[in-house]
Amino acid sequence: ITALEASEWHPDCDAQVLVLAGTGSCITGRNRREETEKLGGRGHVLGDRGSACDIAQHALRAVMTILDLDNELPPLGSDILTYLQMNEPEDLIDWSMVATKTDRASVATPVFNAAVTRPDDDIANAVLEKAANRLTTDATACVERLTHPGEQIQFVFNGAVLLKNPSFAKQVASLLQSRFPEAIISPLQRPSVWGAVAQARNNA
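The shown structure was predicted, so the numbers you read here are calculated from the model rather than taken from an experiment. (Residues numbered from 1 in each chain as written. Predicted model: local features only at pLDDT ≥ 70, side-chain atom pairs only at ≥ 80, totals over all residues. Heavy atoms only, no water.)

This paragraph deals with helix H3 (residues 52–70). Think of an α-helix as turning once every 3.6 residues; residues three or four places apart then point the same way. Helix length check: H3, at 19 residues, gives a terminal C-alpha distance of 27 Å against a target of 27 Å (1.5 Å per residue), a fit within 8%. Listed as buried for H3 are Ala-52, Cys-53, Asp-54, Ile-55, Ala-56, Ala-59, Leu-60, Val-63 and Leu-67. Here H3 starts with a cap whose side-chain oxygen sits 3.3 Å from the backbone nitrogen of Cys-53, and that cap is Ser-51. Directly beyond the C-terminal end of H3, a positive phi value near 60 degrees is found at Asn-71. (Helix = DSSP H or I, 4+ residues; strand = E, 2+ residues; numbered from the N terminus. Expected span 1.5 Å × (residues − 1). Buried < 20%, exposed > 50% of the residue type's maximum accessible area, 1.4 Å probe, protein only. Polar contact = N/O pair within 3.5 Å; in protein donor to acceptor, adjacent residues only side chain to side chain.)

Shown next as structure tokens:
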């Protein structure tokens, strides 16, 4: 909610939905009737759909599955090893047992890089497509709980996964626009701490 408070609520919109995707993820929304909804945000074991952790986990499992089935590490697998400064795929086993949430999330970086530098990388594209669909599905569920037919929606993007990866943000925006053609979609322009300041002023 503080992130939404930091955004400009478009006067023509009946509801605002924050799509937050960083290390973790969650969807938070509110409407003019002062109702709020939240989906996700339960951590990388139970949730965080479409987050950097989620992207990294799916990419790691995909490259290891292909290694097992084809006996050959795909290019994305080599990218991940290089990024983590490892020599062999088996090095990932011990790492995966002790890696922190932040460590795991960092593996999303070579996935995004692969999608940009190798547009035909099937694994990177499939992983990111799945993440985009997950964020869109959760955001759609939030909208359905907060709005009535015909009401206008404003989506606000926040988190490094969306703000630092324009192609991915565009992919998510396109999916949302296909479901809500009249929606307004924009990135959060100010840190969410500004929302806390706005709330304090409103409560003063």
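Structure shown, so let's carry the discussion forward.
Moving on to the nonpolar core. Of all hydrophobic cores here, the largest spans 51 residues; its most connected members are Val-17, Val-19, Ile-55, Leu-76, Phe-155, Phe-157 and Phe-168. It is helix H8 (residues 122–146) that provides the largest number of residues to this core, a total of 11 residues. With sequence-adjacent residues up to four places away left out, Val-17 is seen in contact with Leu-4, Ile-27, Thr-28, Gly-29, Cys-142, Val-143, Leu-146, Ile-153, Gln-154, Phe-155 and Val-156. One finds Ala-3, Ala-6, Leu-18 and Val-156 within the second-largest nonpolar core, a separate group that totals 6 residues. (Core = buried A, V, L, I, M, F, W, Y, C linked by side-chain atoms within 4.5 Å. Contact = heavy atoms within 4.5 Å.)

Taken together, the side chains of Asp-68, Glu-88, Glu-90, Asp-91 and Asp-94 define an acidic patch exposed on the protein surface. Along the chain, the position of Glu-88 falls in the loop between helix H4 (75–83) and helix H5 (91–98). (Patch = residues over 30% accessible without salt bridge, like charges linked within 9 Å, V, L, I, M, F, W, Y side chains within 5 Å. Areas by Shrake-Rupley, 256 points an atom, 1.4 Å probe, with all protein chains shown as cover. Salt bridge = Lys/Arg side-chain N within 4 Å of Asp/Glu carboxyl O. Lys, Arg positive; Asp, Glu negative; His and termini not counted. Charge placed at Lys NZ, Arg CZ, Asp CG, Glu CD.)

Once that is clear, we can look at unusual backbone geometry. Here the phi dihedral of Glu-34 falls at roughly 65 degrees; this positive angle occurs in a residue that is not glycine. Here Glu-34 lies in the loop between strand E2 (25–31) and strand E3 (36–40). With a phi close to 60 degrees, Asn-71 is a non-glycine residue in the positive phi region. Of the residues examined, Asn-71 reaches a relative accessible area of 69% and is grouped as exposed.

A separate point is the packing of H3 against H8. Between H3 and H8, the least distance of the axes is 10 Å, while the angle of their chain directions is 145 degrees. In terms of crossing hand, the pair formed by H3 and H8 is right-handed. Two secondary-structure elements touch here, H3 through Asp-54, Ile-55, His-58, Ala-59, Ala-62, Val-63 and Ile-66 and H8 through Ile-123, Val-127, Leu-128, Lys-130, Ala-131 and Arg-134. The class makeup of the residues in the contact of H3 with H8 is 9 nonpolar, 1 polar and 3 charged. (Axes fitted to C-alpha atoms, helices over the stretch in contact; angles between N-to-C directions. Left-handed = near helix turned anticlockwise from the far one by under 90°. Nonpolar A, V, L, I, M, F, W, Y, C, P; charged D, E, K, R; others polar.)

Moving on: the packing of helix H7 (residues 108–117) against H8. Their axes nearest at 9 Å, the elements H7 and H8 cross at an angle of 115 degrees. Between H7 and H8, the interaxial angle falls into the category roughly perpendicular. The two elements H7 and H8 meet at a crossing, and its hand is left-handed. Residue-level contacts link Val-111, Phe-112, Ala-114 and Ala-115 of H7 to Ala-124, Asn-125, Val-127 and Leu-128 of H8. Along the lines of polarity and charge, the residues of the contact of H7 with H8 split into 7 nonpolar, 1 polar and no charged. (Parallel < 35°, antiparallel > 145°, perpendicular 65-115°, else oblique.)

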